[in-house]
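Working through the structure, step by step
Listed below are the residues making up each chain.
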Amino acid sequence: MTSFDAPTVIRTKRDGGVLSDDAIDWVIDAYTYDRVADAQMSALLMAIFLRGMTTAEIARWTAAMVASGDKLDFSDLRRGGRPLALVDKHSTGGVGDKITIPLVPVIMACGGAVPQAAGRGLGHTGGTLDKLEAIPGFTAEITKAQIRQQLCDLGAAIFAAGELAPADRKIYALRDVTGTTESLPLIASSVMSKKIAEGTRALVLDCKVGSGAFLATEAESRELARTMVDLGTEHGLLTRALLTDMNTPLGRTVGNAVEVVESLEVLSGGGPDDVVELTLALAREMLDAAGVDGVDPAQTLQDGSAMDRFRALVAAQGGDAGTLSAEALPTGAHSETVTATRGGTMGDIDAMAVGLAVWRLGAGRSEPGARVQSGAGMRVHRRPGEPVAAGEPLFTLYTDTPQRFPAALAELDGAWSVDDEPPATRPLIIDRIT
């Protein structure tokens, strides 16, 4: 292989050049094994953020990250003498997007099997692992043997990527703290490298559109969805995507433990309409992609079977199933409430502003590896279009560190309104891409 060095690779992309396959292979391998420093990779990520990548570059970058670690293979696993109906889902990141938590047990209850390699918070968006780790004892650091056993016995495992695409794990953490999250090539390659490596047979993507999404426009989100579907197809992974609205936070909670509580409401047959709608839409796509038919995912929320599966999953991964209640899960020791100064109708709520406010409260990270506050978060008391009375609560903010309130409240300033007329309604599910 041609000899490379980090400054030359950085300059090539900085100046708008195209990285060769060998250059991409070298820089991913060298960064994985600490021969390229964080400062150098940060510079390259910023160059990619500003200059972009060609389709061929994205494909090679993704393949190099897959090759940086292990690939899981569950093709030998059977249940009742039949191969497992393996399927996974991934969201490109949203505010209040707790969908994985109720969705996985719904698929379990319908007969599917979900090897869910989940991530932590990135920028203003929450991470599934940070949310689930608000449950006392729950761990996503489980062995390959345990993943295989849970897939056979329970129908799911939710795990940290671990040795899957270890290059992505390092780059993901760096993107989170260097302002390089909102990059189509980096998002696409990050998502698909882990999903290609995790051993699923089918994948449904939830690509967010709107103010709380990583990409600013619907056109960019469509391009991202198309790019990821094509990457999956090239690697033999049946992949489809839904474009879904992320102008307003999903549900009525944003944070870590508060989102687990709302997920429990959904699993109990209740919960916000938008969370239920998206959970069931993704469930139907996943079941269809996995070849599971003749079951109604909505029924699993009403008859308690999805909740039973969630409790079993939590227990299998060390969690205390007895803490699965609003009373037992952590809440920030301090709270502040924003009230309405007038009556009327709740206007639009800027998802990005809410996500940043919750990050300020301690639910996210400002440096790699930092701990998040499980109890930090926000409750949204009035969603767009709902009636508002003067003086009633609109938002309640929670944190263990009250000095965080001013910055969080500043993020919310101007991000919502109470109006005379309701805002225009938008469809939650915008389009489907295959």
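Given the structure is predicted, the values throughout are model-derived calculations rather than measurements.

Parameters and conventions
- Residues numbered from 1 in each chain as written.
- Predicted model: local features only at pLDDT ≥ 70, side-chain atom pairs only at ≥ 80, totals over all residues.
- Heavy atoms only, no water.
- Salt bridge = Lys/Arg side-chain N within 4 Å of Asp/Glu carboxyl O.
- Buried < 20%, exposed > 50% of the residue type's maximum accessible area, 1.4 Å probe, protein only.
- 1 Å grid on protein atoms, 1.4 Å probe; cavity = no way out; pocket = protein on both sides within 12 Å on 5 of 7 lines; lining within 4 Å.
- Points joined across faces, edges and corners; volume = space filled by probe spheres on them.
- Helix = DSSP H or I, 4+ residues; strand = E, 2+ residues; numbered from the N terminus.
- Nonpolar A, V, L, I, M, F, W, Y, C, P; charged D, E, K, R; others polar.
- Domains from an automatic or database assignment.
- Contact = heavy atoms within 4.5 Å.
- Buried area = accessible area lost by both parts, 1.4 Å probe.
- Polar contact = N/O pair within 3.5 Å; in protein donor to acceptor, adjacent residues only side chain to side chain.
- Expected span 1.5 Å × (residues − 1).
- Arc of directions from axis to C-beta.
- Patch = residues over 30% accessible without salt bridge, like charges linked within 9 Å, V, L, I, M, F, W, Y side chains within 5 Å.
- Areas by Shrake-Rupley, 256 points an atom, 1.4 Å probe, with all protein chains shown as cover.

1. Brief notes about the pattern of salt bridges
As enumerated under the stated definition, the model contains 31 salt bridges in all. Salt-bridge contacts for Glu198 lead to Lys195; the nearest nitrogen and oxygen are separated by 3.6 Å. One exposure class covers both Glu198 and Lys195, and it is buried. A single network of salt bridges, built from pairs that share partners, joins Arg120, Asp130, Glu133 and Arg365.

2. So, empty space enclosed by the protein
The full count for this structure, using the stated rule, is three cavities of 30 Å³ or more. Looking at the largest cavity, its volume works out to about 360 Å³. Every residue lining the largest cavity is counted, 27 residues in all, and those nearest its centre are His90, Ser91, Gly93, Gly126 and Tyr172. Counting only elements with at least two residues in the lining of the largest cavity, the list comes to strand 3 (88-91), strand 4 (114-118), helix 6 (128-132), helix 8 (166-178) and helix 9 (184-197). For the lining of the largest cavity, the residue count by class is eight nonpolar, 13 polar and six charged. Lining of the second largest cavity is provided by 22 residues; of these, His124, Thr125, Gly126, Val358 and Ala363 occupy positions nearest its centre. Counting only elements with at least two residues in the lining of the second largest cavity, the list comes to helix 6, strand 8 (253-255) and helix 15 (351-363). Ranked by residues supplied to the lining of the second largest cavity, first place goes to helix 15 with four residues. The class makeup of the residues in the lining of the second largest cavity is six nonpolar, 11 polar and five charged. When residues of the lining of the second largest cavity are assigned to domains, at least three fall in each of domain 2 (78-323) and domain 3 (334-419).

3. Examining the domain arrangement of the chain
On domain assignment, one finds that the chain holds domain 1 (6-52), domain 2 (78-323) and domain 3 (334-419). Relative placement of domain 2 and domain 3: their C-alpha centres are 25 Å apart. Counting residues at the interface gives 28 residues for domain 2 and 28 residues for domain 3. Here domain 2 meets domain 3 over a buried area of about 2,100 Å², counting both sides, of which 53% is carbon and sulfur. Looking only at domain 2, the three residues that lose the most surface to domain 3 are His124, Arg252 and Val254, adding up to 28% of its buried area. Along the contact surface separating domain 2 from domain 3 lie three salt bridges. Across the salt bridge formed by Arg383 and Asp274, the nearest N and O atoms sit 3.0 Å from each other. Between domain 2 and domain 3 we count 14 residue pairs in polar contact (both at pLDDT 80 or more) in total. At the level of secondary structure, the elements contributing two or more residues to the side of domain 2 that touches domain 3 comprise helix 8, strand 8 and helix 11 (257-267). Of the residues belonging to the side of domain 2 that touches domain 3, the class tally is 11 nonpolar, 11 polar and six charged.

4. Structural notes on the side chain of Asp130
You can see Asp130 is positioned in helix 6. Side-chain polar atoms of Asp130 contact the side chain of Arg120, separated by 3.3 Å. Apart from residues lying up to four places away in sequence, Asp130 is in contact with Arg120, Gly121, Asn256, Arg365 and Val372.

5. Comments concerning helix 14 (residues 305-316)
In a regular helix each residue adds 1.5 Å, so 12 residues correspond to 16 Å; helix 14 covers 17 Å between its end C-alpha atoms and thus fits that length. Every buried residue of helix 14 is accounted for by Ala306, Met307, Phe310, Leu313 and Val314. An end-on view of helix 14 places all buried positions within 120° of arc, on one side of the element. On its buried face, helix 14 is in contact with helix 5 (100-110), helix 6, helix 7 (144-153), strand 5 (156-160), helix 11 and helix 13 (297-302). Directly beyond the C-terminal end of helix 14, a positive phi value near 85° is found at Gly318.

6. Quick notes on a nonpolar patch on the surface
On the surface, Met46, Phe49 and Leu50 cluster together into a nonpolar patch covering about 270 Å² of accessible area. Mapped onto the secondary structure, Phe49 falls in helix 3 (residues 38-51).

7. Digging into helix 11
Buried residues dominate helix 11, accounting for 10 of its 11 residues. For helix 11, the complete set of buried residues consists of Ala257, Val258, Glu259, Val260, Val261, Glu262, Ser263, Leu264, Val266 and Leu267. A positive backbone phi angle near 95° is found at Gly269, which sits one or two residues after helix 11.

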